[in-house]
Amino acid sequence: MLTNDDVFLPVIQYFIERKGTASWQIKKDKICFHDLTYIYKGKATYFVNEQSFELNPGDIIYVPKGSIREAVTDPDDPVHSFAFNFNIAYPSVDDDPLPLDTVFNIPEDPYFIKLLREYNIVWLERKDGFSLKASGLFMMILHYIYSRLPSQADKQAADLRIEKLKKYIVNHYHEKIDKETLASLVQLNTVYMGSLFRKKTGYTINEYTQRIRINKACDMLATGEYSVSETALKCGFEDIFYFSKVFKKIIGLSPSEWCKSLKQA
């Protein structure tokens, strides 16, 4: 099964902005493509592998390749939808379903509708090279959908907090950085903040801070304008011996050895 982090290339077989009539339907059949349909207005009932799904505005239905699909509209409220039928360029994963529920809802957003309408124009114009732009737009549409899923929304919120912490550390690497200040910045307790930071970055806050400081120290030493002791102070280290110890741990050489290697390069 494809995961959210897999890289794949969609190949659009068919697209339509569908404004159904009261008698609109999709006849029962096994599909040889993936179907992703957004319900813009109206109502419809889809049947996927004999299971029924009532769809309303804002709903998205995903029908994996190889499924038995059937659909009818509500005659009193005909469906208006945007439908993508696509395959995946890599045969080894083309039959694998995307990591999506069959039906889920995303709130209406003018930006999302704009993407869909722009795709419709590109598809209908079919200018030279349109398939490249169409694939790019579809990837943007998929990215938007993934980012609005509940699980992804939680992940995105966590990522934003981590980015805020990283930005603070990068901007204040030369100062004393304490966990209480960082925790108040993202409104988390220090223990959970530290756990979340390590989970997202692979480093503890202290390890990350040291890496930023040492990498900055390398930049400064490379200019030849600063001595090792001056560099240490400007990078937040009050103890030159501790600076040398951390430097060697991260870079693999002492500051003086590293400077010497630069001259020999």
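Our structure's up above, just so we're on the same page.
In this text, all values refer to a predicted model and were calculated from it rather than measured experimentally. (Residues numbered from 1 in each chain as written. Predicted model: local features only at pLDDT ≥ 70, side-chain atom pairs only at ≥ 80, totals over all residues. Heavy atoms only, no water.)

1. Brief notes about the state of the cysteines
Counted by the stated rule, this structure contains zero disulfides. Considering cysteine sulfurs only, Cys218 is the nearest to Cys259, which forms no disulfide, with 8.4 Å between them. (Disulfide = S-S within 2.5 Å.)

2. Observations concerning the nonpolar core
Judged by nonpolar contacts, the single largest core of 31 residues is most densely connected at Leu36, Tyr38 and Tyr119. Counting residues per element, the ones that place at least two in this core are β1 (10–19), β3 (34–41), β6 (59–63), β8 (80–88), α2 (110–125) and α3 (130–148). The element best represented in this core is α3, accounting for eight residues. Within the second largest apolar cluster, 28 residues are counted, among which are Ile169, Val186, Leu196 and Cys235. (Core = buried A, V, L, I, M, F, W, Y, C linked by side-chain atoms within 4.5 Å. Buried < 20%, exposed > 50% of the residue type's maximum accessible area, 1.4 Å probe, protein only. Helix = DSSP H or I, 4+ residues; strand = E, 2+ residues; numbered from the N terminus.)

3. Considerations on the packing of helix α7 (residues 205–223) against helix α9 (residues 240–251)
Contact geometry for α7 and α9: axes closest at 10 Å, N-to-C directions at 95 degrees. Judged by the inter-axis angle, α7 sits roughly perpendicular to α9. Contacts between α7 and α9 pair Gln210, Arg211, Ile214, Asn215, Ala217, Cys218 and Leu221 from the former with Tyr242, Phe243, Val246, Phe247, Ile250 and Ile251 from the latter. Its residues assigned to classes, the contact of α7 with α9 comprises ten nonpolar, two polar and one charged. (Axes fitted to C-alpha atoms, helices over the stretch in contact; angles between N-to-C directions. Parallel < 35°, antiparallel > 145°, perpendicular 65-115°, else oblique. Contact = heavy atoms within 4.5 Å. Nonpolar A, V, L, I, M, F, W, Y, C, P; charged D, E, K, R; others polar.)

4. Quick look at the pattern of salt bridges
Taken as a whole and assessed by the stated rule, the structure comprises five salt bridges. One salt bridge connects Glu50 with Lys28, and the closest N-O pair in it is separated by 2.9 Å. Here the residue Glu50 occupies a position in the loop between β4 (44–48) and β5 (51–55), and Lys28 occupies one in strand β2 (residues 25–30), the gap between them amounting to 22 residues. Residue Glu50 is classed as exposed on the basis of its relative accessible area of 59%. Here Arg69 and Asp35 are joined by a salt bridge, their closest N and O atoms 2.9 Å apart. Placement of the pair is Arg69 in strand β7 (residues 68–73) and Asp35 in strand β3, with a sequence separation of 34 residues. By relative accessible area, Asp35 is classed as buried at 1%. (Salt bridge = Lys/Arg side-chain N within 4 Å of Asp/Glu carboxyl O.)

5. Looking at helix α6 (residues 190–201)
Along an α-helix, a turn takes 3.6 residues, which lines up residues three or four apart on a common side. The terminal C-alpha atoms of α6 lie 16 Å apart, and with twelve residues this matches the ideal 16 Å at 1.5 Å per residue to within 8%. Residues of α6 that are buried include every one of Met193, Leu196 and Phe197, and no others. Viewed along the axis of α6, the buried residues span an arc of 100 degrees, placing them on a single side of the element. Pointing more than 90 degrees away from the buried face of α6 are the exposed residues Val191, Arg198 and Lys199. For α6, the N-terminal capping position is held by Asn189, with its side-chain oxygen 3.1 Å away from the main-chain nitrogen of Val191. (Expected span 1.5 Å × (residues − 1). Arc of directions from axis to C-beta. Polar contact = N/O pair within 3.5 Å; in protein donor to acceptor, adjacent residues only side chain to side chain.)

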